[in-house]
Each structure stands twice: as structure tokens, then as C-alpha cells.
Amino acid sequence: MAALNTSVHASQFSSRGASFSRFTELAFEKAAVVDIAQNLLDRRPLSFLQVEHLVNNVEPPVLAKLVEIVHSVTDVSGVRLRPLIFVPLAKILEQHGKDKALDIALLRINSVARGLSVNLSSVFLAIDRWHGNFERDELLEVIYAALSQSALAEILTCVGPSTSQLLKLEGNVSGEEDRLSRLDIILANLRMVGIGSIEGGSDIEIHLLAAARGFSLSFGQEVRRLASMRSLGRGQDKAGKQAGFDNSFADCLLAISDKLAFTGKLNTWYPWAKNCVDSFCLDGGCVLGVQLLRAVALGRLLLPNISHVRAPLSLFGVKMAHVALSFGANDFGYAALDAETADLLGISRMSDCVDVINAQKVYKLLIG
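Residues numbered from 1 in each chain as written. Predicted model: local features only at pLDDT ≥ 70, side-chain atom pairs only at ≥ 80, totals over all residues. Heavy atoms only, no water.

A.B. asks: Whenever I open this one, helix 4 (residues 60–73) confuses me. Can you help?
C.D. replies: In this model, helix 4 (14 residues) spans 21 Å end to end at C-alpha, consistent with the 20 Å of a helix rising 1.5 Å per residue. Those residues of helix 4 lying buried are Pro 60, Val 62, Leu 63, Ala 64, Leu 66, Val 67, Ile 69 and Val 70. Packed against the buried residues of helix 4 are helix 1 (22–30), helix 2 (34–41), helix 3 (48–57) and helix 11 (289–302). (Helix = DSSP H or I, 4+ residues; strand = E, 2+ residues; numbered from the N terminus. Expected span 1.5 Å × (residues − 1). Buried < 20%, exposed > 50% of the residue type's maximum accessible area, 1.4 Å probe, protein only. Contact = heavy atoms within 4.5 Å.)

This is the structure:
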């Protein structure tokens, strides 16, 4: 296998308008990323060996500096935070039937609308699940009616299912032997009620099918912790790899870049983990905050043209999500508009998050 070229020196690095200190250039040279930095400046794709080097060997501060290069040559969208209302619609439908379910959903949405103290340009509706002891058409009818009849009708959008939820829906479609044909029926049904996005999941084949049908895509990529508890303090696993990424992480990012990014429908990429960063796992399965920050940086570096790299508040927390902005994140995901949504989903309230975005605006004004 060919070795990564580490003979490129900082003196050969042409900044092309990006201003870096001599210290930063020396850090690039020491980390053997000068050629990577040059490719990023020239907006050229990275080789597999360069990607492998970034994933396995490069420290977070250097990744953050490389992200600065991407920001200097790419128009990156401003920081996004989406206000969310949660309605356990599937549970309501199972317990009360279609007609009462609509009344209960409207009552819930309208009560939140009455409590709003600011004007919002968009609000998002999340439901508990997309399958259960009811007909699929009943659920879609209630969603459509709730979207069109609520007090927030002009600005309310339903968050679409993930690819794993689509697979569960697809399993209930009869009359079609081909899996893709069944999925196509589900996507057509979603379109009919105004749902135009796939929210999460890592099945590239389903994402591609949805993109071909005009859906906007959010891709969630799992981050797994490989290190043992003994090595957590050192931040390396037994093989010496930074923050414990396995090869599949890089492979998945490259596949997204090769297959999904060019559809023009991939709007958001984000890392996720089964355990929050502040949880303690006796089996060593917890994910470190630094690992998630590295994942965010890698997402921005390998998907430079994507609109949003998300640091989900539900996983990162408000403070670390703010730090993630320096690693390439520009999307905090969803924040609850009311206390009930915050409690049921375990996410921060909108009022607790606004100061983070305002602080970032002040920071940009200070540094220019």
C-alpha cells in the first residue's frame, strides 16, 4: 500500500487569502497535513490515504484549523436552531381513534402556539412513531389535517421519518414484492401529506431513493467508542488511534461523499451515539466529547459543500454544542418550544439555547 506523503513542508503551502500564523503552519507540518490543507484550499477532493490519516492520526486542534480553511473557501450557512413541538400521535391514535386523535393533536399544538412570545418563521412537529396498531393512511390523514388546521398552519412542518422508520413502514405494504417499490409507495404517501424530508438514518440506498423522489435528506452517522475504560484518560485506544474511530467511519463518510453529496438533496449530516457524552458506561462503551467534536470536524472536512453539519443539542448539550461551532458545526438540531416537549424528548428548551447563538454572533463581530 502506498504511504501518505509527509514530505510537503509549510514553506510550500500557498494560503491563497487564508491567513495563518507561522505556528499554525508548523502545526500543519508536524501533523503531516500540509498537502491536505492545500487540497482543501484548492477545493480538491482528498485521497483515501489522506482521509485515513485525518480519521486516525490528526489531533482536534489541527482539525479545527483545517475547518477554518473550508470556511474560508466555502459559503457556509449561518447557525440553525429549529423550534419543535412533540405530539405522541401514534399513541393517541391507538387509544382514541382517528377523529379524536385530530382534536387532541390540534389542542396540543394550539396550546403551544398561544404561549409563544416571539414571531417564528418556522415550527416543526415531531411524532412518537410511524407504525403501530393503526392503518398507515389514518396516521397520514391526521398529520395532514393537523398541519393544515392548526393555529400554526402557515409555518408548521412535520419532521419526516428516518430510514429505519421507513423500513418498518415498508414492511406493512402489501401487493408489492419488490422492496424498493414498497418504499416508493411510502414516499409517495408522505409527499401527498406535505412531508418532504427524511430525518436521520444511515441506509444510503434508501436515502438515494428518497433523493430521487425529491426529498431533503438528513444523514445520521453513528459514532462508536472503541477504547477500554483504562485508556479513556489518554484519549487513545490500544492501537493508538485518536478517540477510537474504526475504519467503517471513514468508509461511510467517503460513501456519503461519493453517492449522496452530488444528489443536491443532502442537506444535513450529523454524528450520533447510543450514550450521551456525560454518561458513565462500565463496559467502556461511552463516547467522549472530544470524539464527537472530531466527528463534527471530519464531517465538515469530507462534506465541505453540505449546508449543515449538526451538533445535536440532545447529545452534545448546550455548552459542548457551542464548542462544536469551532469544529465546523452550524446546526444545533431541534429545541423544544414548551416544557412538555423538552421533558418527553429530553432536549433543551428554545429559551435556553438562544443565548448560545447570540454569543456566536457577538463573537463573529469581535473577530471580524
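Anyway, onward from the coordinates.
A.B. asks: How should I be thinking about the nonpolar core in this particular structure?
C.D. replies: Nonpolar side chains tend toward joint burial in soluble globular proteins. Membership of the largest hydrophobic core comes to 105 residues, with the highest contact counts inside it found for Leu 66, Trp 130, Trp 269 and Phe 316. With eleven residues, the single largest contributor to this core is helix 5 (residues 89–114). If we ignore the near neighbours within four places in the chain, the residues touching Leu 66 are Phe 28, Val 33, Ile 36, Ala 37, Leu 40, Leu 54 and Leu 301. Of all hydrophobic cores here, the second largest spans nine residues; its members include Phe 86, Ala 126, Tyr 334 and Ala 342. (Core = buried A, V, L, I, M, F, W, Y, C linked by side-chain atoms within 4.5 Å.)

A.B. asks: Looking at this structure, I do not really get the packing of helix 4 against helix 11. What am I missing?
C.D. replies: Packed helix pairs are characterised by how far apart their axes lie and by the angle those axes make with each other. Packing of helix 4 against helix 11 brings their axes to within 9 Å, and their N-to-C directions diverge by 30 degrees. Classified by the angle their axes make, helix 4 and helix 11 are roughly parallel. In the packing of helix 4 onto helix 11, the handedness of the crossing is left-handed. On helix 11, the residues that touch Pro 60, Leu 63, Leu 66, Val 67, Val 70 and His 71 of helix 4 are Val 290, Arg 294, Ala 297, Leu 298, Arg 300 and Leu 301. Considered class by class, the residues forming the contact of helix 4 with helix 11 number nine nonpolar, one polar and two charged. (Axes fitted to C-alpha atoms, helices over the stretch in contact; angles between N-to-C directions. Parallel < 35°, antiparallel > 145°, perpendicular 65-115°, else oblique. Left-handed = near helix turned anticlockwise from the far one by under 90°. Nonpolar A, V, L, I, M, F, W, Y, C, P; charged D, E, K, R; others polar.)

A.B. asks: Explain the side chain of Glu 170 to me, please; I cannot follow it from the model alone.
C.D. replies: Tracing the chain through its elements places Glu 170 in helix 7 (residues 163–170). Sequence-distant contacts of Glu 170, defined by excluding residues within four places in its chain, comprise Arg 179, Arg 182, Leu 183 and Ile 186.

A.B. asks: It is not clear to me how the sheet that holds strand 6 (residues 266–272) should be interpreted in this structure. Could you clarify?
C.D. replies: What links the strands of a sheet is backbone hydrogen bonding, and the strands pair in either a parallel or an antiparallel sense. Read across the open sheet, the four strands follow the order 4-5-6-7; overall the sheet is parallel. Each end of this open sheet is capped by a strand with a single partner; those strands are strand 4 (197–199) and strand 7 (308–309). Pairing geometry for strand 4 and strand 5 (residues 216–222), over three bridges, is parallel. Bridge assignment links Glu 199 to a residue of strand 5, and that residue is Ser 218. (Pairing = 2+ DSSP bridges.)

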